[in-house]
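Report on the structure
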Amino acid sequence: MTPSPASPTGATLHGRYVLGEPLDTDATGSTHPARDLVEDRSVAVTVLHPGLAADPAAEHEFLGRARLLASVTHPGLARVLDQGRDGGLVYAVTEHVEGEPVAGGGQSARHTPRTALSVAADVLSALQALHSAGTVHGGLRADCVRLGGDGRARVARLPMLLGAPGAAAPETRADVYAVGALLYALLVGVSATRDDRPLRPSSAVPGLPPDVDMLVAGATDPNPRYRPRDAGQYLALVERVLRSLPGGAAAPAPAAAVPTGPDTAAVTAVLDAGAPGAQAARPDTRESDPVVAEPAREDSRRRLPVLLGAGALAALLVGAVVWALLPDTGDDPGTAGSARPSPARSTASPSEESDPDPSTSADDAVLTPHTIGLDRAEAVALLESLGLEARIVERPSDAAPAGTVVDQDVPSGEPAPEDGVVTLTVSSGPAEDESPDAGADADDTAGTDPDSDPGPLPGPDAGTEDGPGPDRDNPGRGNGNGNGLGNGNP
């Protein structure tokens, strides 16, 4: 039947997709469950709002995004299967994703940190595919993510129009914020409302690991500059924290399969030689097959001289190569100790050279928490809980109340410095206007050598900040303090 732009429900698009009641509706259109009569399967159909469907620019943007999304394939993303226009309806068809929404409501909907981070990692992996393709999701919510029977999370819905036609698309950090808000909902059991401060699930669920709290706070900072730049960077942080949780080590590799066949019992007996009864299980091949065993020993005795000769020749060749590779230090004995050893002389194994101290691997590094927006005492306590030390620097700020952390020298989520010291810049409150006398005193003393004569005060011919000093024959350069004293050599 011919679809009606005013009521897509019940319409059949191109004689193939039968639309049901809308699942979701917003200013850009509606999403409907549908039946694909050709493939005999369930799908989801997003229909552009009738008012926008009449706009050629909006139709072009809608269908263009649908084609772009169709080119992105990832197991965690619903596939875009088709798009087009039928009469007054512009539509896109996506795969129907089975499963339950990952976040509901109430305390019963709280997830353990391990489960919450696993869901976030699945979602971020899918978003990373979008970001690598040069686009974003742009509308991620908890009800857009489904948890399948295999325990994996999948992104079930993809907006086909990002805001008003022609408007700038959201940045990748907007998706990062959405995943941080999703993590908060999974850990706390309720969805978060957007705030002017980072979200901290530990305020509702005491006892959460500090690294987990930091992951949410770092992703939901109101200033996008302080968030991870994209899904890939945030995924790396989530996976690192996930591995640090109790039981987060990778599962050991499965044991090698035991070959089947006539010799299986003998191989099993060798692998289990230390177990009780192993000697009884090992068959005696000397009695069972003496004809085969004896020629083998005889043949090895014949080949022994040949093998010894070959080994001696190989040793000579190796010695010659090593001698050739040794550095020529000449007759100066003092250079022998300073010469760099040749790789051929190294006695360390490759694993020892590449990782001399496994205990210092990146996975074990302490991650710097997000402290911007916290008060001074809270930020110091957070750092100390991770075994880190805070160095405080104060500066005036008209935007932040006194005692609030406004910056940190190590970005959140990055490994902490080796000395464990993180410098926090704390607001000292609004800047106070200095009196003219105080400014003059500062100008008189700044940038001068306390052991030298500062010379006369600058007169009307004094240089500017970057201009020449008062000595026209020896202008020098300004010292940047506004007092006009040249810093050139006399």
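A brief report on the enclosed structure follows. (Residues numbered from 1 in each chain as written. Predicted model: local features only at pLDDT ≥ 70, side-chain atom pairs only at ≥ 80, totals over all residues. Heavy atoms only, no water.)

Grouped together as the largest cluster of nonpolar side chains are 62 residues, with contacts concentrated most on Leu117, Val123, Leu140 and Tyr234. Secondary-structure elements contributing two or more residues to this core are α1 (50-53), α2 (56-70), β7 (89-95), α3 (113-132), β10 (153-155), α4 (172-188), α5 (210-219) and α6 (231-244). If one sorts the elements of this core by residue count, α3 sits on top with eleven residues. Those residues within four positions of Tyr234 in sequence are excluded, and the remaining contacts are Leu124, Val176, Val179, Gly180, Leu183, Leu215, Val216, Ala219 and Pro228. (Core = buried A, V, L, I, M, F, W, Y, C linked by side-chain atoms within 4.5 Å. Buried < 20%, exposed > 50% of the residue type's maximum accessible area, 1.4 Å probe, protein only. Helix = DSSP H or I, 4+ residues; strand = E, 2+ residues; numbered from the N terminus. Contact = heavy atoms within 4.5 Å.)

Enumeration over the complete set of coordinates arrives at 13 salt bridges. The salt bridge involving Arg200 is made with Asp213; its shortest N-O contact spans 3.3 Å. Residue Arg200 is located in the loop between α4 and α5, and its partner Asp213 is located in helix α5; the two are separated by 13 residues in the primary sequence. Here the two residues Arg200 and Asp213 agree in accessibility, since each one is buried. In the salt-bridge network here, residues are joined through shared partners; they are Asp24, Arg141, Asp143 and Arg157. (Salt bridge = Lys/Arg side-chain N within 4 Å of Asp/Glu carboxyl O.)

Here three strands make up an open sheet; going across it, the order is β11-β13-β12 and the pairing mixed. Both outer strands of the open sheet, β11 (389-395) and β12 (405-408), are each paired with one neighbouring strand and no more. Sheet twist, expressed as the mean angle between neighbouring strand axes with direction ignored, is 30°. Of the strand pairs in this sheet, β11 and strand β13 (residues 421-427) are connected by seven bridges, and their pairing is parallel. Bridge pairing links Arg391 to Thr423 in β13. Relative to β11, helix α12 (residues 376-385) is tilted by about 155°, and along the sheet it contacts β11, β12 and β13. (Pairing = 2+ DSSP bridges. Axes fitted to C-alpha atoms, helices over the stretch in contact; angles between N-to-C directions.)

Quick look at a negative patch on the surface now. Taken together, the side chains of Glu384, Glu389, Glu418 and Asp419 present a region of like negative charge at the surface. Inspection of the secondary structure puts Glu389 in strand β11. Looking at Glu389, the relative accessible area reads 49%, which means it is partly exposed. (Patch = residues over 30% accessible without salt bridge, like charges linked within 9 Å, V, L, I, M, F, W, Y side chains within 5 Å. Areas by Shrake-Rupley, 256 points an atom, 1.4 Å probe, with all protein chains shown as cover. Lys, Arg positive; Asp, Glu negative; His and termini not counted. Charge placed at Lys NZ, Arg CZ, Asp CG, Glu CD.)

The angle between the axes and the distance between the axes are what describe a pair of packed helices. Between α4 and α5, the shortest axis-to-axis distance is 8 Å and the interhelical angle comes to 140°. In terms of orientation, α4 and α5 fall into the oblique class. For the pair α4 and α5, the sense of crossing is left-handed. Residues Val176, Tyr177, Gly180, Leu183, Tyr184 and Leu187 of α4 pack against Val212, Val216 and Ala219 of α5. Broken down by class, the residue content of the contact of α4 with α5 amounts to eight nonpolar, one polar and no charged. (Parallel < 35°, antiparallel > 145°, perpendicular 65-115°, else oblique. Left-handed = near helix turned anticlockwise from the far one by under 90°. Nonpolar A, V, L, I, M, F, W, Y, C, P; charged D, E, K, R; others polar.)

A few words now on α5. Counting buried positions along α5 gives nine out of ten residues, so the element sits mostly inside the fold. Taken as a whole, α5 has its buried residues at Asp211, Val212, Asp213, Met214, Leu215, Val216, Ala217, Gly218 and Ala219.

Take the sheet that holds strand β8 (residues 100-101) next. Strands sit in the order β8-β9-β10 across an open sheet of three strands; the sheet is antiparallel. The open sheet has two edge strands with one neighbour each: β8 and β10. By the bridge criterion, three bridges tie strand β9 (residues 145-147) to β10 in an arrangement that is antiparallel. The partner of Arg146 across the bridge, within β10, is Arg154. Along the sheet, α3 contacts β9 and β10; its crossing angle with β10, the most-contacted strand, is approximately 35°.

Moving on to the environment of Thr31. With respect to the helices, strands and loops of the structure, Thr31 is situated in strand β4 (residues 29-36). Among the residues examined, Thr31 registers a relative accessible area of 14% and is labelled buried. Linking Thr31 and Thr94, residues 63 residues apart in sequence, is a C-alpha distance of 10.0 Å. Not counting residues within four places of it along the chain, the set of residues in contact with Thr31 comprises Pro22, Leu23, Asp24, Ala44, Val45 and Thr46.

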